[in-house]
Amino acid sequence: MCARSTDLPDAWVLRYALARLRQKSINLANRVVDSLCLFYEWAENEGIDVAQRLGSGDLFSPIEVENLSEFMRTSKKAPLDIKGLKVKRVVVGNTHKDRMKRVVAFVEWRMSHLTLAMTDQSRVYMVNARLAVLKNVAANIRGSKQKQRNALTDEELEFLMQVIRPDDPRNPFAPHTRHRNFCIVLFFVELGMREAEPLVLKSEHVNVAGRYPGISIVPNPNDPEEHRTDPPLVKTAGRDLPISPLLAFFMDEYIMKWRTRQPGHKRNPYIFLETNGGAAMSLDAQYDIFRILRARFPGDLPADLSSHKLRHTWNSRFRRLAAEYGWPEPFRRIINNYIMGWNKTSEQDARYAHSEIVREAAKILRALHAPTDAMKAGA
């Protein structure tokens, strides 16, 4: 990030990025730096010298913090043109909240270096009071209400698994892409993988031979072999997962028969390739798989079919099967977190429980209908 006046990187932002962002994904690091760029842009517009303010411990007044919060709503997109009137776009609540939280984290980090050297306790108190104002404003920003995703029904999932098979006459894809697309969809269905994870698989991560075929999902920050414009990134922990004999068979078919037809396949380390040049498959190309399926089968597949919806579907099926096994909740969560690549103590699985909650609620309500059903029968 460079200052407009000097065209040189800001030393403290650079130190912060090296200290806090080196182990983060490229996309997350970019979002943090973008938020700090907006922070510095606001300060320059207001005539505020950030280095001087933070270096002195004076920080920002409550009104300045409110103005900063309002500025952080700004969208980077071009203004809307409404009958010749330019109207600024604003970002959704979650984006606004995240931007402010990143600014707070940076300012807190910067001030921690300063307050450690302070001997005047009244100044330390003043700094903490100003920090509290900034944190309070950020904490009270209302986030967007997230749309609750439902899992596929059993009927929708069965239909999807039929039409995506390479030998199904209804398969909407060209013959030379069918094995690849089938394997990708099966990864989401079998393992609940995140959207990027199939696209970063390399030959050393895949074993399709023997009695126990499986894959390794390996975090890939700053992979020197990654050259895609929008690189798919593994945001979860690395893990080894078994795959079904069906997926192993079709992976072997794709690798040996179809992948070898792509130019440059020997030089490309990634398993899944584009079909118009042999480059590593992009996220956009993967999105197209679901876009085409949604468009071709609007009456049989949901309008929001996506890799993430299949992740929700996997979690719903997992919870149902774990209940049948009689697993206690703590044990179920540990297994769920491992397969998903989450921290051992993560509670993210609760976000994916909606469909099972709805299903169980409907089941118990139907049981509770028994007295009224009996009354109806008596009438």
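Check the entry above for the structure.
Description of the structure in this document.

Thresholds applied
Residues numbered from 1 in each chain as written. Predicted model: local features only at pLDDT ≥ 70, side-chain atom pairs only at ≥ 80, totals over all residues. Heavy atoms only, no water. Helix = DSSP H or I, 4+ residues; strand = E, 2+ residues; numbered from the N terminus. Buried < 20%, exposed > 50% of the residue type's maximum accessible area, 1.4 Å probe, protein only. Contact = heavy atoms within 4.5 Å. Areas by Shrake-Rupley, 256 points an atom, 1.4 Å probe, with all protein chains shown as cover. Lys, Arg positive; Asp, Glu negative; His and termini not counted. Charge placed at Lys NZ, Arg CZ, Asp CG, Glu CD. Phe/Tyr/Trp six-rings, centres within 6.5 Å; stacked < 30°, edge-to-face > 60°. Lys NZ or Arg CZ within 6 Å of the ring centre and 35° of its normal. Core = buried A, V, L, I, M, F, W, Y, C linked by side-chain atoms within 4.5 Å. Pairing = 2+ DSSP bridges.

## Here's the deal with the overall build of the chain
Across its full length, the chain holds 14 helices and five strands. In terms of overall dimensions, the chain has C-alpha extents of about 75 × 70 × 55 Å along its principal axes. Looking at the chain as a whole, 42% of its 379 residues are labelled buried. Restricting to contacts in the chain with at least 6 residues of sequence separation, those with at least 24 account for 64%. Total accessible area on the chain is roughly 21,500 Å²; 55% of this is exposed by carbon and sulfur atoms. Charge centroids of the chain, computed over 57 positive and 44 negative side chains, lie 1 Å from each other.

## So, the packing of aromatic side chains
Think of a pair of aromatic rings as described by two things: how far the centres are apart, and how the planes are tilted against each other in angle. This model, assessed by the stated rule, comprises 20 aromatic pairs. When the ring of F39 is compared with that of F60, the centres are 5.9 Å apart and the planes differ by 90°; the resulting orientation is edge-to-face. Placement of the pair is F39 in helix α2 (residues 26-45) and F60 in the loop between α3 (50-56) and α4 (62-71), with a sequence separation of 21 residues. We classify F39 as buried; its relative accessible area is 0%. Judged by centre distance (4.8 Å) and plane angle (65°), the rings of F182 and F250 are edge-to-face. Placement of the pair is F182 in helix α8 (residues 175-191) and F250 in helix α9 (residues 245-258), with a sequence separation of 68 residues. The ring of Y270 has R228 lying over it, and the distance from NZ or CZ to the ring centre is 4.4 Å. Over the ring of W258 we find R261; its NZ or CZ atom is 4.4 Å from the centre of that ring.

## Brief notes about the environment of R228
Its place among the elements puts R228 in the loop between β4 (214-217) and β5 (239-242). Under the relative-accessibility criterion, R228 is labelled buried at 13%. Note: C-alpha distance between R228 and A280 (52 residues apart in sequence) is 7.4 Å. When sequence neighbours within four positions are dropped, the list of residues in contact with R228 reads L199, V200, Y270, A280, M281 and S282.

## Some points on the nonpolar core
Core analysis: the biggest nonpolar cluster contains 52 residues, and F187, I215, F272, L293 and L310 have the highest contact counts within it. At the level of secondary structure, the elements contributing two or more residues to this core comprise α7 (154-163), α8, β4, α9, α10 (283-296), α11 (307-325) and α12 (329-340). Not counting chain neighbours up to four residues away, the residues in contact with I215 comprise F187, L191, M193, L201, H205, V206, R239, D240, L241 and I243. Counting 34 residues, the second largest nonpolar core, distinct from the first, contains Y16, I48, F71 and M72.

## Examining the sheet that holds β5
In a beta sheet, neighbouring strands are held together by backbone hydrogen bonds and run either parallel or antiparallel to one another. Pairing is antiparallel in the open sheet, where three strands are placed in the order β3-β4-β5. The outermost strands of the open sheet, each flanked by one partner alone, are β3 (206-207) and β5.

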